[in-house]
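# A closer look at the structure
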Amino acid sequence: MELFFNPFDNLLCILLGISFTVWFTLLLVFIIVPAIFGVSFGIRRLYMKTLLKIFEWATLRIERGAKEKNHHLYKPYSNAIIAREPTSLEEEIKEIRRSGSNKDLDSASEFEMSDIFYFARRGVESIMDDEVTKRFSAEELESWNLLTRSNNNFTYISLRLTVLWGLGLLIRYGFLLPLRVTLAFTGVGLLVFLTSVIGLLPNGRMKNFLSEKVHLMCYRICVRALTAIITYHDSENKPKNGGICVANHTSPIDVIILASDGCYAMVGQIHGGLMGVIQRSMVKACPHVWFERSEVKDRHLVAKRLSDHVQDKSKLPILIFPEGTCINNTSVMMFKKGSFEIGATVYPVAIKYDPRFGDAFWNSSKFGMVSYLLRMMSSWAIVCSVWYLPPMSREEGEDAVQFANRVKAAIARQGGLVDLLWDGGLKREKVKDTFKEEQQKLYSKMLRPSWTPLTT
Amino acid sequence: MGSRASTLLREEEIEEIKKETGFSHSQITRLYSRFTSLDKGENGTLSREDFQRIPELAINPLGDRIINAFFPEGEDQVNFRGFMRTLAHFRPIEDNEKNKNPTASEPLNSRSNKLLFAFRLYDLDRDDKISRDELLQVLRMMVGVNISDEQLGSIADRTIQEADTNGDSCISFQEFIKASLVEANINNTSFNHLTKKIKILMGAFFINATEANLLNKLA
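The following refers to the structure shown. Nothing here was measured: the structure is a model prediction, and the numbers come from that model. Throughout, a residue's number is its position along its own chain's written sequence, starting from 1. Chains and ligands are labelled by the order in which they are written, letters from A for the one and numbers from 1 for the other. Given that the model is predicted, a residue must reach a pLDDT of at least 70 before its local features are reported, and side-chain atom pairs must reach 80 or more before they are shown or counted; all residues, however, enter totals for whole chains, interfaces and linings. The side-chain quantities take in all heavy atoms of the structure and omit both hydrogens and water.

### Focus on the packing of aromatic side chains
- Note on aromatic contacts: the rings of Phe and Tyr and the six-membered ring of Trp form a pair at centre separations within 6.5 Å, being stacked when their planes are under 30 degrees apart, edge-to-face when over 60 apart, and tilted otherwise. Under the defined criterion, the tally for this structure stands at 22 aromatic pairs over all chains.
- Their ring planes at 90 degrees and their centres at 5.5 Å tell us that A:Phe340 and A:Phe403 sit as a pair that is edge-to-face. Here A:Phe403 lies in helix α12 (residues 400-415) and A:Phe340 lies in the loop between β6 (331-332) and β7 (346-354), a separation of 63 residues in the sequence.
- Judged by relative accessible area, which is 1%, A:Phe403 ranks as buried.
- Between B:Phe90 and B:Phe117 the ring centres are 5.0 Å apart and the planes differ by 85 degrees, which places this aromatic pair in the edge-to-face class. Within this pair, whereas B:Phe90 is found in the loop between α7 (80-88) and α8 (95-98), its partner B:Phe117 is found in helix α9 (residues 111-122), the two being separated by 27 residues in sequence. Take B:Phe90 and B:Phe117: they sit in the same class, and that class is buried.
- Chaining the aromatic ring pairs together yields one cluster made of B:Tyr32, B:Phe35, B:Phe51, B:Phe70, B:Phe71, B:Phe80 and B:Phe83.
- The ring of A:Trp380 carries the charged tip of A:Arg172 above its face, separated from the ring centre by 5.4 Å. Counting from the N terminus, the helices are DSSP H or I runs at least four residues long and the strands are E runs at least two residues long. Three exposure classes are used, based on accessible area relative to the maximum for each residue type with a 1.4 Å probe and protein chains only: buried under 20%, partly exposed in between, and exposed over 50%. Working rule: Lys NZ or Arg CZ, within 6 Å of ring centre, within 35 degrees of ring normal, means a charge sits over the ring.

Shown next as structure tokens:
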């Protein structure tokens, strides 16, 4: 028995050894070296094109299957569940009264019992479909991309489709995931190590130059760790020193995507654990703006540190996400005005992910950071487009809020996102009562416009 | 993780809901998806907090009353069937339904059921009468702090005076119907106005201002 196993063992060891060597050489040649020099073989784009063809086939198959069963296919965007007409409170209530009563229009009626129809209708409309809550969960896909997680009501259709899905599962978890995890560890490890080393150098041009190169290289490795296929548009508008770069926020990956194309000073709260280690070593190589948890509440302190940073022209542009929380990349929500009060030039950036390959949205109430990263690394790819918009500054007579809204509108327009005035904080908090009071005021004006309201 | 798959609607259920409410297959699946996204507790029912999480509903002056309409008497949870039953009131009346078999039970979105929904927004204690107090409560919800008690009281008094025909200082359901509808004969121009406005989208349904117009037609 022993004799039987021994040669087998040896053979096994040799095979393992060879495969590991081959594996690592391939990794080095095809992924890490290009990352260092910032070139690309185009493998990822080829991969993306192949995937698209497969998805198209899968969609056709599903549509055919649905037709056989005589159902309408559930398409979230092409048929909205309700058609909402944007009319104002006054117009609608007048319309209801006009059609309901046979009184003269001129006799200003105070109150009609039918007035509640307006509020009832609006209320039920918002129950069926509202603009805000759907932004805090993953976007629904029109076609299936062979991932169970985006499977809404695509039930079993055909054997071929299931086989394809199974194959996809194997490839993603068996091949892509280990590859990506290896790369991720390499990237992060190199970042921590090299930035600490650079931190030992004296401040000066050499240090800045090296720190830039190191940051870029490590971020590029991380980009490959996610198989992120990014298209940058309008690179001539890239943020310059002394400016603030603002972008819409979908996930922590946004940082990696932007930072692999340019050098930024990050802003954020110091975390513990692995994040904290990374943050502390990064700040050794170049000045990032990290806040202690207690300092975050102090708005003046935050504003002062940021404005000090932008005034120093030798420091890198600041990267900020004014929404304050992750939104699901279908809309842009209210920008917090803090970063727009500082008075520096603002460089807006729009980031739009293609949800077909992998949903990048981080639903922090559903997934922790680690499970989120695992989901990212087991999707097909992260495909996104980044647009660098021309710089904007605050104009005369414009206050910070209006400026923020202007920037937000520009980003929404470029990225094809819905521009909302609602606060992203509604993810966790209740809406303020002032909005309800506004509606009540509007309605009371209708009852008797000649009366002055009790509260002005 | 696999909660969506386990709570997927079965075909029989969809058929039952279709018969009861008149929604189409795709509308039901779409609304089911909405129901599950509102159901944060993932237990197949919605509570009042789940509704209040919708910002646009929370700022609606009548928000609480509307939410109340979904919950049957004394209960705190509503399941998908109950959810659909209430939403069915707002389905527009389609032309092919007008000539339906008169002996069949009244559809949920019939005119009188729509009016009953609105009536119940006022009539909190379900005694089939809107008292002066109940009217005042709703008025107060709609105007907030902007109108004084006396002025509001006089509005309520005037409304009851105009609508009350049997002199009991309360508004019954019949009196309510008369007060919100046109009393005279059908106005043809209103019909044209109506048909111009109704847009029937493929696979979508709508509630818009013409809903109130529909309520006006006694035919």
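On we go from here.
### Some details on α7(B)
- Of all 9 residues in α7(B), 7 are buried, a share of seventy percent or more.
- Taken together, the buried positions of α7(B) are B:Phe80, B:Gly82, B:Phe83, B:Met84, B:Thr86, B:Leu87 and B:Ala88.

### Remarks on the side chain of B:Asp39
Residue and element names in this part refer to chain B.
- By secondary structure assignment, the location of Asp 39 is in the loop between α3 (25-38) and β1 (45-46).
- The buried charged residue Asp 39 lacks any salt bridge partner; its closest oppositely charged side chain belongs to Arg 53, at an N-O distance of 7.5 Å.
- Here a polar contact is recorded for every N or O atom pair within 3.5 Å, except that within protein the pair must consist of a potential hydrogen donor and a potential acceptor, and residues adjacent in sequence are included only if both atoms are side-chain atoms. Of the polar contacts made by the side chain of Asp 39, one reaches the backbone nitrogen of Asn 43; its length is 3.2 Å.
- Whether two residues touch is decided by their heavy atoms; if any such pair falls within 4.5 Å, the residues are in contact. Non-local contacts of Asp 39, meaning those with residues more than four positions away in its chain, are made with Gly 44, Thr 45, Leu 46 and Asp 50. All tallies of charge rest on Lys and Arg as positive and Asp and Glu as negative; His and the ends of each chain are not included. Just to be clear on terms, a salt bridge is a Lys or Arg side-chain nitrogen sitting within 4 Å of an Asp or Glu carboxyl oxygen.

### Regarding helix α13 (residues 434-447) of chain A
Residue and element names in this part refer to chain A.
- The end-to-end C-alpha distance of α13, which contains 14 residues, comes to 20 Å, matching closely the 20 Å that a straight helix rising 1.5 Å per residue would cover.
- Every buried residue of α13 is listed here: Gln 440, Tyr 443, Ser 444, Met 446 and Leu 447. Seen from one end, α13 has its buried residues packed into an arc of 150 degrees, which puts them on one side. Here the expected span of a helix is defined as 1.5 Å times the quantity of residues minus one. Relevant arc is that of directions from the helix axis to the C-beta atoms, nothing else.

### What about the side chain of B:Asn146?
- Locating B:Asn146 in the fold gives a position in the loop between α10 (132-143) and α11 (149-163).
- There is a polar contact of 3.3 Å between the side chain of B:Asn146 and the side chain of A:Ser444.
- Of note is the side chain of B:Asn146, whose polar atom sits 3.0 Å from the backbone oxygen of B:Val143.

### With respect to the pattern of salt bridges
- Tallied over the full model, the rule gives 24 salt bridges over all chains.
- A salt bridge links A:Glu131 to A:Arg135, with the nearest nitrogen and oxygen atoms 2.6 Å apart.
- Residue classification places A:Arg135 among the buried positions, given a relative accessible area of 5%.
- Overlapping salt bridges bring together B:Glu16, B:Glu20, B:Arg81 and B:Arg85 as one network.

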